[in-house]
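Below, each chain spelled out in residue letters.
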Amino acid sequence: MAIDIGPFETEMNRGFLQVLVLVLLEKDKYGYLMVKQLEEKGYVLEENTLYPLLRRLEKKGLIKSKWDISEDRPRKFYVITKDGRDVRAELLKIGRLQNKILNHLLKENQNV
Amino acid sequence: MSKRLENYLEEISHYLGTGKEKQEILTEIKSHIMEKAEQEFGNVGEESIERVIETYGNPQEVAEKYMDDQQIIAPTFKGHLLRYTAVLFFVHFALTVLAFIFKTRMLILPFFYIPKMDNFQALFYFPMIFIYDLGLVGIILYFVTQSRKDIRLPWPKLKLNWQKMIDKGQEKPKILLLILMFLGYAALVFVYITYHTLFFKSLNPGGVESLFSPEASRWYSLALLSILGAGVLAYLVKFFIRSEWVNLLRSAAQLLILGIVINRPIENAIREFFYFDTHLVADLIVALIALLLAIDFMKNLIILGIKAFRKKSLAQ
């Protein structure tokens, strides 16, 4: 029976996307630019997923935003905050540890 | 602004409800769609907007993503919703039966008002009280969820073993019991045909005396025979159809018969011969029978609900 991987992928992406956005926003960027940058790196992030995520991170104080109206079209720029950097550092640490454990176990499996 | 974009944002706006960030969200989406249209198609026209919207997702889906962390009722309260509703409905149901029997209205502040009803009104009133109770419990749990406080709600322990009741309902009907039921029923029918009543004041050898007036005797005896007859018939049907619906229909029919009896009071039905108020005693006996039948009906309804729920859960 073929199992739909979609819900598992969504679940796995939840944490990953938070870190990804926090890394991406080291310099201020607007939404469309973020999508394009990730696309160039080979990662497709749906816009309708990105914006609600940005809103949640902003509510928690990890990023901040500002509308830029200097050009014809107003653009909302986002950038990481001090709290965001602290959280990012912790999350990356957790991520590395998780990868280490996973690799270790996978290696063990190969030797079985 | 493009007409298509305007409609799209309006639709998302409906799904977003009345949150204070709504306008900001819509401006964000609008800005993104226009940016993408210009960057990828070189202009912000109806056609390019249409193509961007197609990839952005349907309005309901888009709005839902903003509401991910907003729960109406916390998942941990789902069990409470069902259990509280069941308890409340049971009380409400019993009070409604009593109000119906005593032909009175009942007001219990601040939530319950049970009007004076006839048979058919009562029949429609029962599903309505269920919806009402579910709604009332839902509203309370909604406020508890929205308060975001760590509130520990009591968990009433209903010492009822539903599984045992379900298993009992599925037992194979016994032929011996059916024969006994038929014999007992036939004996009652025989008594009725002979004496035109099933309720006796005295059984003197010189002559039996009925408890009620002749008209009331006939009416109440036939009602009792119908209620018991429904029970025997349902047991017989179980030999051919093994379904919880048989029990549910049986108890519904019995309740209906009792309702018809209550709804047709007979003047001077009971002969005055005791030192106490015989009408009150009779009313209480009828109320007790009605309550037992109502509990039986509820039990069958819940068993059917549990089975349907399990079937659905298994199918998923």
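Here, the structure is the one placed above.
As the structure is a computational prediction, the values presented were derived from the model and not from experiment. (Residues numbered from 1 in each chain as written. Chains lettered and ligands numbered in written order. Predicted model: local features only at pLDDT ≥ 70, side-chain atom pairs only at ≥ 80, totals over all residues.)

Visitor: Give a description of the overall build of chain A that names residues and reports values.
Guide: Of the regular secondary structure elements, chain A holds four helices and three strands. Start at the N end of chain A and walk to the C end: the helices and strands fall as α-β-α-α-β-β-α. Among the 112 residues that make up chain A, the fraction classed as buried is 16%. Sequence-distant contacts, at least 24 apart, represent 45% of the contacts inside chain A between residues at least 6 apart. (Helix = DSSP H or I, 4+ residues; strand = E, 2+ residues; numbered from the N terminus. Buried ≥ 20, exposed ≤ 12 C-beta atoms within 10 Å, placed from the backbone. Contact = placed C-beta atoms within 7 Å.)

Visitor: How would you sum up the packing of helix H1 (residues 3-16) of chain B against helix H3 (residues 46-56) of chain B? Please name residues and give values.
Guide: Residue and element names in this part refer to chain B. The contact between H1 and H3 brings their axes to 8 Å, and the two run at 30°. Classed by the angle they form, the pair H1 and H3 counts as roughly parallel. When H1 is examined against H3, the residues Arg-4, Leu-5 and Tyr-8 are found in contact with a partner set consisting of Glu-46, Ile-49, Glu-50 and Ile-53. Residues of the contact of H1 with H3, tallied by class, amount to four nonpolar, no polar and three charged. (Axes fitted to C-alpha atoms, helices over the stretch in contact; angles between N-to-C directions. Parallel < 35°, antiparallel > 145°, perpendicular 65-115°, else oblique. Nonpolar A, V, L, I, M, F, W, Y, C, P; charged D, E, K, R; others polar.)

Visitor: Which residues make up the interface of chain A and chain B, and what are the values?
Guide: At the junction of the two partners, chain A supplies twelve residues and chain B supplies 14 residues. By residue number, the principal contributor to the side of chain A that touches chain B is helix H3 (residues 47-59) of chain A, which donates six residues. When its residues are assigned to classes, the side of chain A that touches chain B shows four nonpolar, three polar and five charged.

Visitor: Which residues make up the sheet that holds strand S1 (residues 29-30) of chain A, and what values go with them?
Guide: Within a sheet, adjacent strands bond to each other through the backbone by hydrogen bonds, running parallel or antiparallel. Residues and elements named next belong to chain A. One open sheet holds the three strands; their spatial order is S1-S3-S2, and the pairing between them is antiparallel. Two strands in the sheet have a free side with no partner beyond their single neighbour: S1 and strand S2 (63-68). Relative to strand S3 (residues 75-80), S2 runs antiparallel, the two sharing six bridges. Pairing of Trp-67 across the sheet is with Lys-76, part of S3. Along the sheet face, H3 touches S2 and S3 and points at about 115° away from the line of S2. (Pairing = 2+ DSSP bridges.)

Visitor: Tell me about the environment of Thr-96 of chain B, and name the residues and values.
Guide: Residues and elements named next belong to chain B. Within the fold, Thr-96 resides in helix H5 (residues 78-101). The class of Thr-96 is buried, set by 22 C-beta atoms lying within 10 Å. Not counting residues up to four positions away in its chain, the partners in contact with Thr-96 are Ile-114, Tyr-125 and Ile-129.

Visitor: Tell me about helix H6 (residues 119-147) of chain B, and please be specific about residues and values.
Guide: Residue and element names in this part refer to chain B. Helix length check: H6 (29 residues) gives 42 Å between terminal C-alpha atoms against 42 Å at 1.5 Å per residue, within 8%. For H6, the elements touching its buried residues are H5 and helix H10 (244-263). Two residues or fewer past H6, Arg-148 is found with a positive phi of approximately 55°. (Expected span 1.5 Å × (residues − 1).)

Visitor: Go over unusual backbone geometry, please, and point to the residues and values.
Guide: For His-196 of chain B, which is not a glycine, the phi torsion comes out positive at approximately 60°. Owing to 12 C-beta atoms within 10 Å, His-196 of chain B belongs among the exposed residues under this scheme.

Visitor: Give me the lowdown on the pairing of strand S3 (residues 200-204) of chain B, citing residues and values where you can.
Guide: All names here are of chain B. Burial runs low along S3: only zero of the five residues are buried. By the bridge criterion, four bridges tie S3 to strand S4 (residues 207-210) in an arrangement that is antiparallel. In the sheet register, Asn-204 faces S4, and the bridge partner there is Gly-207.

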